[in-house]
Amino acid sequence: MTPLESQYASLAAAVDEEFARGRRLHGARIQCGPGCYECCHQLFQITELEAARISDAVAHLPECAALVERAARYVEERARLVTAKGEQEAWGSLPPPGTRLLCPALEDGLCRIYDARPLICRKFGVPLYNPTKPGRVFACEKNFSDGDAIEDDALIQIQTGLHQRGAALQAAYNDGGGKRDARPITVARAILEDFRPYLPR
C-alpha cells in the first residue's frame, strides 16, 4: 500500500467513525442498514483514488460478470439521463434535479464493493455539514424531515476537519503526480476500467 493509499484508508476509517458517532447520537432515527439503499440511487462523482480502490476490489471478486454487466448498462443510462437537457456532464456538475439511477454495485439489496465504497457512501445517512456550503446541514430524508432540529455541538468542527483532510489528500495526489482523468469518474467506470495505474508510485 502506497503512502497515499494509507492516507485514504485512514480518512475512510475516520469517516466511518463519524458515521458511527452520528448513529449513536441520533439513535433510532438512523434507519441505515442492510436492505435500505435509498441513497444508492443518487448520482455522484468520485476521485481517482476512490476509483483505484474500487478497481482493486473488483479485481479480487471471485465472480463479477453480473456486476460488470450492470455497470455497462449504468454508464449508458447515466449518459442519457445527465445529458437530457443537451449539456454534457463535467467535473463537479450536478445532474438535473430528481435524477435517480440505481448504483451497479448493488446486488440483492447489498453492496458488492462495500469495503471499498467511496467516502460519500460512508457518510450519507447521518447529518452532514459541508464547510463550502455553510448555510445548511444535509441529512437523509428517511431519517430527518425538513425543519427537524439537529442537536450536535461537534458536527461542524469534526466534519470541517474531515473535509480539510480530504482536500489535503487530493492535493497530495495531484502534487505527487497522480493521473487525472478528463471525464467525470463514477463507481460504474471504476468497475469497468482499471484505475489502479493512476496512482503515483
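Chains are numbered independently. Their residues run from 1 in the order of the written sequence. pLDDT decides what is reported in this predicted model: residues at 70 or higher carry local features, side-chain atom pairs at 80 or more are listed and counted, and totals for whole chains, interfaces and linings draw on all residues regardless. In computing side-chain values, all of the structure's heavy atoms are included and hydrogens and water are not.

Participant: So what about the state of the cysteines? Which residues, and what values?
Facilitator: Any two cysteine sulfur atoms within 2.5 Å of one another count as a disulfide. One pass over the full model with this rule turns up 0 disulfides. Here Cys39 stays unpaired: no disulfide links it, and the sulfur of Cys40, its closest cysteine neighbor, is 4.4 Å away. Cysteine Cys111 shares no disulfide, and the gap to the nearest cysteine sulfur, in Cys103, comes to 6.3 Å. Summary of the burial criterion: residues with accessible area below 20% of their type's maximum are buried, those above 50% are exposed, and those between are partly exposed, where the area comes from a 1.4 Å probe applied to protein chains only. When its relative accessible area of 30% is taken as the criterion, Cys111 is described as partly exposed.

Participant: Just give me the short version of helix α2 (residues 48–59), but keep the residues and values in it.
Facilitator: For α2, spanning 12 residues, the distance from its first C-alpha to its last is 16 Å, which sits close to the expected 16 Å at 1.5 Å a residue. On its buried face, α2 is in contact with α1 (3–26), α3 (65–82), α4 (119–123), α5 (155–175) and α6 (187–192). Numbering of helices and strands runs from the N terminus; a helix is a DSSP stretch of H or I covering at least four residues, while a strand is a stretch of E covering at least two. To estimate how far a helix should extend, the number of its residues minus one is multiplied by 1.5 Å. Two residues qualify as a contact provided that any one of their heavy atoms is within 4.5 Å of a heavy atom in the partner residue.

Participant: Give a detailed account of the side chain of Asp181, specifying residues and quantitative values.
Facilitator: On the secondary structure map, Asp181 appears in the loop between α5 and α6. Residues adjacent in sequence count toward polar contacts only when both atoms are side-chain atoms; beyond that, a polar contact is any pair of N or O atoms within 3.5 Å, and within protein one must be able to donate a hydrogen and the other to accept it. Looking at Asp181, its side chain comes within polar contact range of the main-chain nitrogen of Arg183, at 2.8 Å. Side chain to side chain, Asp181 and Arg189 meet in a polar contact 3.1 Å long. With near-sequence residues (within four places) excluded, Asp181 lies in contact with Glu48, Trp91, Arg189, Phe195 and Tyr198.

Participant: Could you give an account of unusual backbone geometry, naming the residues involved and the relevant values?
Facilitator: Phi at Asp108 takes a positive value of approximately 55°, unusual for a residue other than glycine. Here Asp108 is to be found in the loop between β1 (106–107) and β2 (110–111). Asp108 sits in the exposed class, given a relative accessible area of 77%.

Participant: Could you give an account of the pattern of salt bridges, with specific residues and numbers?
Facilitator: A side-chain nitrogen of Lys or Arg and a carboxyl oxygen of Asp or Glu constitute a salt bridge if their distance falls within 4 Å. Counted according to the given criterion, the structure contains 17 salt bridges. Taking the shortest distance from any N to any O, the salt bridge between Glu5 and Arg201 comes out at 3.8 Å. One end of the pair, Glu5, is in helix α1; the other, Arg201, is in the segment after α6, with 196 residues separating them in the sequence. On the accessibility criterion, Glu5 (23% relative accessible area) is partly exposed. Arg100 is paired through a salt bridge with Glu38; the nearest N and O atoms lie 3.1 Å apart. Linking Arg100 in the loop between α3 and β1 with Glu38 in the loop between α1 and α2, this pair joins segments that are 62 residues apart in sequence. Looking at Arg100, the relative accessible area reads 37%, which means it is partly exposed. A relative accessible area of 24% places Glu38 in the partly exposed class.

Participant: Describe the environment of Arg53, naming the residues involved and giving the relevant values.
Facilitator: Among the secondary structure elements, Arg53 is positioned in helix α2. Given the relative accessible area of 27%, Arg53 is considered partly exposed. Linking Arg53 and Asp115, residues 62 residues apart in sequence, is a C-alpha distance of 9.4 Å. Among residues more than four places away in sequence, those in contact with Arg53 are Tyr8, Ala9, Ala12, Asp115, Ala116 and Arg122.

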